[in-house]
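Survey of secondary and tertiary structure
The lines below spell out each chain.
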Amino acid sequence: MKSIFIFLFFLAILPSPSKAFTATSFINPTVIEKKETAKKAVLSYRESKKILETSIGRKLSFKEKLALRIQTSVPRYDNENERRANSQAVTGFILSICGLVLLWPLLIPGLIISNNALLKERVNPGILKNGNYGLAKAGKIIGIVGLAIIIVAIIIIAAILAGGGFAGL
């Protein structure tokens, strides 16, 4: 009976070498189209101005030039940055919690990853979803508090060992 459970456990953990039992194995590969992530070239102010003036057949007014200058200077919103920042917020929180409860060295990567997510939010406001902003902030706070607790514990243990060890207790 024990060997059957061990076999089922390893069967569940090991990845399958082929896609024989997946849902995508029955889909015709010619139907699936690969999405190519071709990045659009960002035009400069002068290039955009030239294209606009030729398309409308006149020179741009001062207000139009000003609006075009603002539009070309604002960075493009990237969906990949949003996905990455949100996943970093959740990952940083989880690592901080695991570092506080299970294994304290996980506090350091949790603190770093949460701080990176908050930095991305500071650069592009609104990139983190409502709950993920709170998770990133909580991950940073838990990381700082956890590291402070560890440092205090190390200082206390060092003081006890310097004072003659645990024999005096």
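The model shown is predicted, which means the values in this text are computed figures rather than measured ones. (Residues numbered from 1 in each chain as written. Predicted model: local features only at pLDDT ≥ 70, side-chain atom pairs only at ≥ 80, totals over all residues. Heavy atoms only, no water.)

To continue, consider the side chain of Ser48. Looking at the secondary structure, you find Ser48 in helix α2 (residues 45-56). For Ser48, a relative accessible area of 12% gives the class buried. A distance of 2.9 Å separates a polar side-chain atom of Ser48 from the backbone oxygen of Ser44. Setting aside residues up to four positions removed in sequence, Ser48 forms contacts with Leu43, Leu68 and Thr72. (Helix = DSSP H or I, 4+ residues; strand = E, 2+ residues; numbered from the N terminus. Buried < 20%, exposed > 50% of the residue type's maximum accessible area, 1.4 Å probe, protein only. Polar contact = N/O pair within 3.5 Å; in protein donor to acceptor, adjacent residues only side chain to side chain. Contact = heavy atoms within 4.5 Å.)

All right, on to the nonpolar core then. Within the largest apolar cluster, seven residues are counted, these being Ala85, Ala89, Ala117, Leu118, Ile127, Leu128 and Ala136. Secondary-structure elements contributing two or more residues to this core are α4 (79-101) and α5 (107-123). (Core = buried A, V, L, I, M, F, W, Y, C linked by side-chain atoms within 4.5 Å.)

Let us look at the packing of α4 against α5. Contact geometry for α4 and α5: axes closest at 7 Å, N-to-C directions at 155°. Here α5 runs roughly antiparallel to α4, going by the angle between their axes. Crossing angle aside, the handedness with which α4 passes α5 is left-handed. Residues Arg84, Ala85, Gln88, Ala89, Thr91, Gly92, Phe93, Leu95, Ser96, Gly99 and Leu100 of α4 lie in contact with α5, whose contacting residues are Leu107, Pro109, Gly110, Leu111, Ile113, Ser114, Asn116, Ala117 and Lys120. Among the residues forming the contact of α4 with α5, the class breakdown is 10 nonpolar, eight polar and two charged. (Axes fitted to C-alpha atoms, helices over the stretch in contact; angles between N-to-C directions. Parallel < 35°, antiparallel > 145°, perpendicular 65-115°, else oblique. Left-handed = near helix turned anticlockwise from the far one by under 90°. Nonpolar A, V, L, I, M, F, W, Y, C, P; charged D, E, K, R; others polar.)

Nothing here speaks to function; it is all geometry.
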